[in-house]
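# Structural overview for review
As a plain string of letters, each chain reads:
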Amino acid sequence: MKNYPILESKNTSSIEEFISFWSKQYHFTNMDFYTQNINKDQFTTDDILELYTWKNGMRLSTQKVNSIQAKVIPKLDIINKLKQDSTPNLDFFLEEFKSLSFVWKIFLLHIISPETYPMYDQHIHRTFCFLHPDNPRILNAKQHELYFDYYLDFIKNEEIKDIREMDKAFFAFGQFINTKQYISLVQQNS
């Protein structure tokens, strides 16, 4: 007997159910780059480059490699020291890596402390805003404020235990709501 998948329009009030469903929809290239490197006690230059290649979703451009080589790799000792701390000094981290773009800075923070600091990018941002459509403070917040003041508080208040599963779910849902299929589904159910 064949199985024919369908997408059912259903809402839930459970963040756990949301994460469980949407994390299963997550697909990303080169997962080995992430899984083989993220939990290392000490990073090498190659580890960092592989992690950023994974985050980029494709081979890094020369400009991006040069940026990592200039802004991240020279501070590999600092990264590895921060990684050893159970709670890395956030103020110190933000000062040391202030020249990185926001998304890549947050990804580096995630690399240093993956159990504490989730990733944040356009797809995750789209999901977070979707889940808070009536909160103008969230919708109008600057990136730094949004992540540190609202997103991390949301995770704490919702008592989300598995940051990585949440990352996957928010990424997958954020991609989905940016598609024509989502717009079509919403229009059909209006």
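Everything numeric in this text was worked out from a predicted model, so none of it was measured.

## Some details on the pattern of salt bridges
- Under the definition given, this model contains five salt bridges.
- With its nearest N and O atoms 2.7 Å apart, the salt bridge here joins E95 to K98.
- Take K98: its relative accessible area is 56%, and that puts it in the exposed class.
- A salt bridge links E165 to K168, with the shortest nitrogen-to-oxygen separation between them at 3.3 Å. Of this pair, E165 and K168 both sit in helix α11 (residues 163-176), three residues apart, which is roughly one turn of the helix.
- Residue E165 is classed as partly exposed on the basis of its relative accessible area, which comes to 25%.

## Structural notes on the packing of aromatic side chains
- Within the structure shown, the criterion is met by 26 aromatic pairs.
- On the numbers, 4.6 Å between centres and 35° between planes, the contact of Y52 with W104 is tilted. Residue Y52 is found in helix α3 (residues 45-56), and its partner W104 is found in helix α7 (residues 102-112); the two are separated by 52 residues along the sequence. Across this residue pair, the class does not change: Y52 and W104 are buried.

## What about the packing of helix α8 (residues 122-131) against helix α10 (residues 143-157)?
- The contact between α8 and α10 brings their axes to 12 Å, and the two run at 65°. Once α8 is placed against α10, the crossing between them reads as left-handed. Between α8 and α10, the residues in contact are I124, H125, F128 and L131 and L146, Y150, Y151 and F154, respectively.
- Its residues assigned to classes, the contact of α8 with α10 comprises seven nonpolar, one polar and no charged.

## Let's talk about the confidence of the model for the protein chain
- Taken as a whole, the protein chain shows an average pLDDT of 91; of its residues, 93% reach a score of 70 or greater.
- No element of the protein chain has a lower mean pLDDT than helix α12 (residues 180-188), at 61, and none a higher one than helix α5 (residues 76-84), at 97.

## Points about the nonpolar core
- Y52 and L108 are the most contacted members of the largest nonpolar core, which has 57 residues in total.
- Broken down by secondary-structure element, the contributors of at least two residues to this core are α1 (15-23), α3, α5, α6 (90-96), α7, α8, α10 and α11.
- If near-sequence neighbours (up to four positions away) are discounted, Y52 is found in contact with L60, I68, V72, L100, W104, F107, L108 and I111.

## Focus on α11
- In this model, α11 (14 residues) spans 20 Å end to end at C-alpha, consistent with the 20 Å of a helix rising 1.5 Å per residue.
- Burial analysis of α11 places twelve of its 14 residues in the buried class, the great majority of the element.
- Inspection of α11 places I163, R164, M166, D167, K168, A169, F170, F171, A172, F173, G174 and F176 among the buried residues, and these make up the whole buried set.
- Its side-chain oxygen placed 3.2 Å from the backbone nitrogen of R164, D162 serves as the N-cap of α11.

## Re the side chain of D47
- Checked against the element boundaries, D47 lands in helix α3.
- A polar atom in the side chain of D47 sits 2.8 Å from the backbone nitrogen of T44.
- Ignoring sequence-local partners within four residues, the contact set of D47 consists of N37, K40 and Q42.

## Topic: the environment of K105
- For K105, the position within the fold is in helix α7.
- What makes K105 buried here is its relative accessible area of 13%.
- Sequence separation between K105 and D149 is 44 residues, and the spatial gap between their C-alpha atoms is 16 Å.
- Filtering out sequence-adjacent residues up to four positions away, K105 remains in contact with F93, L94, F97, K98 and L100.

Cut-offs used in this document
- Residues take numbers from 1 onward in each chain, read along the sequence in its written order.
- Given that the model is predicted, a residue must reach a pLDDT of at least 70 before its local features are reported, and side-chain atom pairs must reach 80 or more before they are shown or counted; all residues, however, enter totals for whole chains, interfaces and linings.
- Water and hydrogen atoms play no part in the side-chain values, which are based on all heavy atoms of the structure.
- Throughout this description, the term salt bridge denotes a Lys or Arg side-chain nitrogen within 4 Å of a carboxyl oxygen of Asp or Glu.
- When accessible area is computed with a 1.4 Å probe and restricted to protein chains, residues below 20% of their type maximum are described as buried, those above 50% as exposed, and intermediate ones as partly exposed.
- Only DSSP runs of H or I reaching four residues or more are called helices, and only runs of E reaching two or more are called strands; each is numbered from the N terminus.
- Only Phe, Tyr and Trp rings take part, Trp by its six-membered ring, and two of them pair if their centres are within 6.5 Å. Stacked means planes under 30 degrees apart, edge-to-face means over 60, and tilted covers everything else.
- Lines fitted to C-alpha atoms define the axes here, with helix axes fitted over just the stretch in contact, and angles between the N-to-C directions of these axes take values from 0 to 180 degrees.
- Crossing handedness: left-handed means the near helix sits turned counterclockwise from the far one by under a right angle, and right-handed means the same turn made clockwise.
- It only takes one pair of heavy atoms within 4.5 Å for two residues to be counted as in contact.
- When residue character is reported, Ala, Val, Leu, Ile, Met, Phe, Trp, Tyr, Cys and Pro are called nonpolar, Asp, Glu, Lys and Arg charged, and the others, Gly included, polar.
- Scored from 0 to 100, pLDDT reflects the predictor's confidence in each residue.
- Definition used in this section: a nonpolar core is a set of buried Ala, Val, Leu, Ile, Met, Phe, Trp, Tyr and Cys residues joined via side-chain atoms within 4.5 Å.
- What a helix is expected to span follows from its residue count: subtract one and scale by 1.5 Å.
- A 3.5 Å cut-off defines polar contacts: any pair of N or O atoms within that distance qualifies, except that in protein one atom must be a possible hydrogen donor and the other a possible acceptor, and neighbouring residues in sequence count only when both atoms are side-chain atoms.

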